[in-house]
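One letter stands for each residue in the lines below.
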Amino acid sequence: MKQCSRLIVFVLALAGAIPAFAIGDYGFLWWPHGWRGASADGTRMLCVQTSRYGLAIDVNSLAIPHFGPIPDPAPYAEAVAGSNDVVFSLPPAALSLLVEADGARYRFIRAAEDTSDHAAYPVRLIESGQVAQRFDIQQLVFEREDGGALPATARLEVIAWPDELRVFLEITPEADLADSRIGIGFTQGAHRVEETAPRAHWKAGEPIRVSLALGADGAALAAPQPEPRITVADRRTGEAVPVTFDALRGWRYVDLPEAGWSLSEEPDRLDRFTVRIENPGDQPLRAPLNFAFDGAFTGVVGMIPMLRDAADHPTGIPVQVSKNWHSLPDRRLLYEGPWFHGLTMIEVAPGETWKGEMAIAYARWGGAPAVSHAQLSLVGWGTNQRWDQVAIGSWGETICYDPDVNLNRSIIDDVRPLMVTGMRGGPWQWTVNVGGGDFLVYFDAAGKKQYLSRMRAAYLEPGPNLTRTVYAGQTPGGEIEARFEVSSPRCDDVGRAWHTFRYDVKKPVAWSRLAFYQLGADHYNDHQFTMIARGNASELAEEWETPRGGEEYHRAAIPCEGAAPWFSLHGGERNANHPQGAWANRGLIIRAWKARLGGQDVPQPFAAVYGTENGLPSANVELVPPPGSTELLPGDFVEAEVELVVIPAEPGSYYGPNEAFKEHLEANIDTWKPVHRLAAMNNLRIDAAKGAVARNYPAEIATDSNGEAEITIHGGAGYVPVTFTGLPERAGYVIEGAGEDADLFVQVAYEGASKTWSRTYNVNMDGVEKRGLTLRRVGGE
């Protein structure tokens, strides 16, 4: 599916400069009242917020109640939890649509009102991340004054970059039409921008499009003069890669060559494409680029793209990972998979040339399975909203997230073991699904579930050493503000995720049921198991047979005492939903806890066991309020860090290279001991001779005033992520003690709030009692 070069496109191109892209720029796309909700007057709005401007659009009327520049925008990691008022405080704008056909004039009536078709839900999130927000609104209806409907299908597509907004109207007639014209206009204050597209003969099935390109203030966007000169080449073959300008979407489309190859035979494959961007003009240049595979190719599940400079150092310039592999057997849908789009923007000063490369890793990075966090489009699957997937390696998903619960199950969804026999009976493939889980399960006093609303996503670091994504929102009535960060590491032992969550109570809360976290969700828990055990880093506390089903609590208010409290759900039983593939157990490890509930400090967590009925009677483990709690008060909070681990449950099923883990697993298969081992061994002690320890596991070290650190790690199982923060420069550092070539496989990120950099390494702690690490500066950039 290549980009069509024969589109009829009308784009404004006026003189002037394009604002330069800054590495701290960002964007969000979200439902301000929740995917299920609406405003007090029944309006269903979709919002965009970038580091430059905001937009709110009514998806049914296409009214724009809010648009304009945002003064003093917060940094990306903070803005994700911001109020809707950041956009709702902006003034209104107006979008106007024009259609004339066969001598008749049609006016726009409504859009996106029929939501009954799951597969073709009419408001579709196509791509969303730090760099660009792309969605379309379908079912646009146009009528003549006498009530006759336009015999055509119509949709509106929006592409929001951090500093520009592109909107186009697409209409496809169902019958031949003559003497036709379509138009689109946008009014914001004193700015009025419009464009029309005439067509003398309009054939059935032939789409016509008309578009606008707008700046953050609603004025017509200027095109760079002269045009930048962009060349890309495949370092594997030496061949030039086609680069074309897509005036509808504002990106330079880099048509990467799709290829089929063996992940098992080439696990360390790294595709590399040289990039050269020349700015011949006298103004700063911002170049939006789409590095795209549009068509079937190998490695889509776990690929991780990185922009590197001419010296092969990571630049820290964000590359948004959006992709799709879904399609339906009975119909074709626009933007169905397979495809991958790596969206980025590169800033080039006047008269300068940027030289670097796009590098794409797949299964392994530095000899160990890489990790990636991506937005996975659901076009071709259904509901067409936000869905994120994490892969350790590139053989199948490891864990998925549905922050709006648009598939009506839970926020934590598909969960799979790592490097065990797959569902087709062999290695290097998708493994069995033993999901799911959830954050903040809140039923009000009347027994109605309160889904989180205003859910935004900030993709802080997509990999390849450690992922960091933040989801933030609030309960519908604004009673509780919720923020949770999800992370997974590059590793070779078990599938795992760290979940750090913070809930802040803003209004009094009474509940009929309340859980702060679930392993095994109410509507996603068709995994059955016979035993539950619990303990801490020191010991086993108890083990008991699993009660099942009943939609009731079988155990309540279990105190979680000691360091690194844990729960093991083992004795897994295969069911008819999963006839093939190595079975797995699940574990929950509580790494940190701090709370004030009902106005009282709660120094330790409490857990409960709830009997679920998700098709099969089973049970989960929940973190819950302490015994005697009846209400939450303003000022209350919960702040916790938990680790979800997925443990192989069948002898000989794990084929990974981690010998220490394999030996322990085979000796203790299908028991509580593998969870206890991880809880204890990764209950790290870190001594810092230089710098300061901000977090023990995964390790986070704040460097000293010179951007240096010296630490000793005691303990650890497998690969331990170590992140050094507060670095004044992007490059110019070496790590000692992390293993050969560690600096070649470092992950770099920009921290917008502090305007500093971080570097993340994966340090193998197997076979050592302690390991010293030193980060030294060797000169600035």
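Here's a quick rundown of the structure. Since the model is a prediction, treat every value here as computed from it, not as a measurement. (Residues numbered from 1 in each chain as written. Predicted model: local features only at pLDDT ≥ 70, side-chain atom pairs only at ≥ 80, totals over all residues. Heavy atoms only, no water.)

Things to note about the overall build of the protein chain
Of regular secondary structure, the protein chain possesses four helices and 54 strands. In terms of overall size, the protein chain behaves like a compact globule, its C-alpha atoms giving a radius of gyration of 26 Å where 781 residues would be expected to give roughly 28 Å. Overall size of the protein chain, expressed as C-alpha extent along the three principal axes, is 80 × 60 × 50 Å. Taken over 781 residues, the protein chain has a buried fraction of 61%. Taking the intrachain contacts of the protein chain between residues at least 6 apart in sequence as the baseline, contacts between residues at least 24 apart amount to 69%. Carbon and sulfur atoms form 49% of the exposed surface of the protein chain, whose accessible area is close to 27600 Å². Distance between charge centres in the protein chain, computed from 70 positive and 99 negative side chains, equals 2 Å. (Helix = DSSP H or I, 4+ residues; strand = E, 2+ residues; numbered from the N terminus. Rg over C-alpha atoms; globule rule 2.2 N^0.38 Å. Buried < 20%, exposed > 50% of the residue type's maximum accessible area, 1.4 Å probe, protein only. Contact = heavy atoms within 4.5 Å. Areas by Shrake-Rupley, 256 points an atom, 1.4 Å probe, with all protein chains shown as cover. Lys, Arg positive; Asp, Glu negative; His and termini not counted. Charge placed at Lys NZ, Arg CZ, Asp CG, Glu CD.)

What about helix α4 (residues 673-681)?
Inspection of α4 places P674, V675, H676, R677, L678 and A679 among the buried residues, and these make up the whole buried set. Its buried side turned inward, α4 meets β35 (495-505), β40 (566-573), β41 (584-597), β45 (637-648) and α3 (659-667).

A look at the layout of surface pockets
Remark: the empty space left among the atoms is shown by a probe the size of a water molecule rolled over them. A volume near 800 Å³ is recorded for the largest pocket. Forming the boundary of the largest pocket are 40 residues, of which T500, E641, A694, R695 and E700 lie nearest the centre. Only β34 (480-487), β35, β41, β45, β47 (692-695), β48 (699-702) and β50 (719-727) provide two or more residues apiece to the lining of the largest pocket. Its residues assigned to classes, the lining of the largest pocket shows 19 nonpolar, 10 polar and 11 charged. (1 Å grid on protein atoms, 1.4 Å probe; cavity = no way out; pocket = protein on both sides within 12 Å on 5 of 7 lines; lining within 4 Å. Points joined across faces, edges and corners; volume = space filled by probe spheres on them. Nonpolar A, V, L, I, M, F, W, Y, C, P; charged D, E, K, R; others polar.)

A closer look at α3
For α3, the complete set of buried residues consists of F661, H664 and L665. Buried residues along α3 cover an arc of 100° about the axis, so they all sit on one side. In α3, the exposed positions angled more than 90 degrees off the buried face are occupied by E659, E663 and A667. Looking at the buried side of α3, the elements it contacts are β45 and α4. Structurally, the start of α3 carries an N-cap: the backbone nitrogen of A660 is 3.3 Å from a side-chain oxygen of N658. (Arc of directions from axis to C-beta. Polar contact = N/O pair within 3.5 Å; in protein donor to acceptor, adjacent residues only side chain to side chain.)

A few points about the sheet that holds strand β1 (residues 27-30)
Here four strands make up an open sheet; going across it, the order is β1-β2-β3-β4 and the pairing antiparallel. The sheet terminates laterally at β1 and β4 (66-69), the two strands that pair on one side only. In this sheet, neighbouring strand axes are inclined to one another by 10° on average, regardless of whether the strands run parallel or antiparallel. Pairing analysis gives five bridges linking strand β2 (residues 45-50) to strand β3 (residues 53-58), with the strands arranged antiparallel. Paired with V48 across the strands is L55, a residue of β3. (Pairing = 2+ DSSP bridges. Axes fitted to C-alpha atoms, helices over the stretch in contact; angles between N-to-C directions.)

Considering the pairing of strand β24 (residues 353-361)
Summarising burial for β24: seven of the nine residues are buried, a large majority. One ladder, built from nine bridges, connects strand β19 (residues 270-278) with β24; its direction is antiparallel. From the neighbouring strand, I277 faces β24, where its bridge partner is W354. Direction of pairing for strand β21 (residues 304-309) relative to β24: antiparallel, over a ladder of six bridges. Paired with I304 across the two strands is A361, which belongs to β24.

A closer look at the sheet that holds strand β51 (residues 733-736)
Pairing is antiparallel in the open sheet, where four strands are placed in the order β46-β49-β54-β51. Both outer strands of the open sheet, β46 (685-690) and β51, are each paired with one neighbouring strand and no more. Adjacent strand axes in the sheet meet at a mean angle of 15° when their direction is disregarded. Of the strand pairs in this sheet, strand β49 (residues 709-714) and strand β54 (residues 770-777) are connected by six bridges, and their pairing is antiparallel. Across the sheet, the residue bridging to H714 is K770, located in β54.

Digging into the packing of aromatic side chains
On inspection of all chains with the given rule, the structure shows 29 aromatic pairs. Look at W35 and Y121: their rings are 5.7 Å apart centre to centre, the planes differ by 50°, and that puts the pair in the tilted class. Placement of the pair is W35 in the loop between β1 and β2 and Y121 in the loop between β6 (104-110) and β7 (123-128), with a sequence separation of 86 residues. Residue class for Y121 comes out buried when judged on its relative accessible area of 8%. Here the aromatic residues Y401, F439, Y471, F484, F501, Y503, F516, Y517 and W593 are joined through ring pairs into a cluster of three or more. The lysine or arginine in question, K449, covers the ring of Y451, its NZ or CZ lying 5.2 Å from the ring centre. The ring of Y719 carries R490 above its face, with NZ or CZ at 5.4 Å from the centroid. (Phe/Tyr/Trp six-rings, centres within 6.5 Å; stacked < 30°, edge-to-face > 60°. Lys NZ or Arg CZ within 6 Å of the ring centre and 35° of its normal.)

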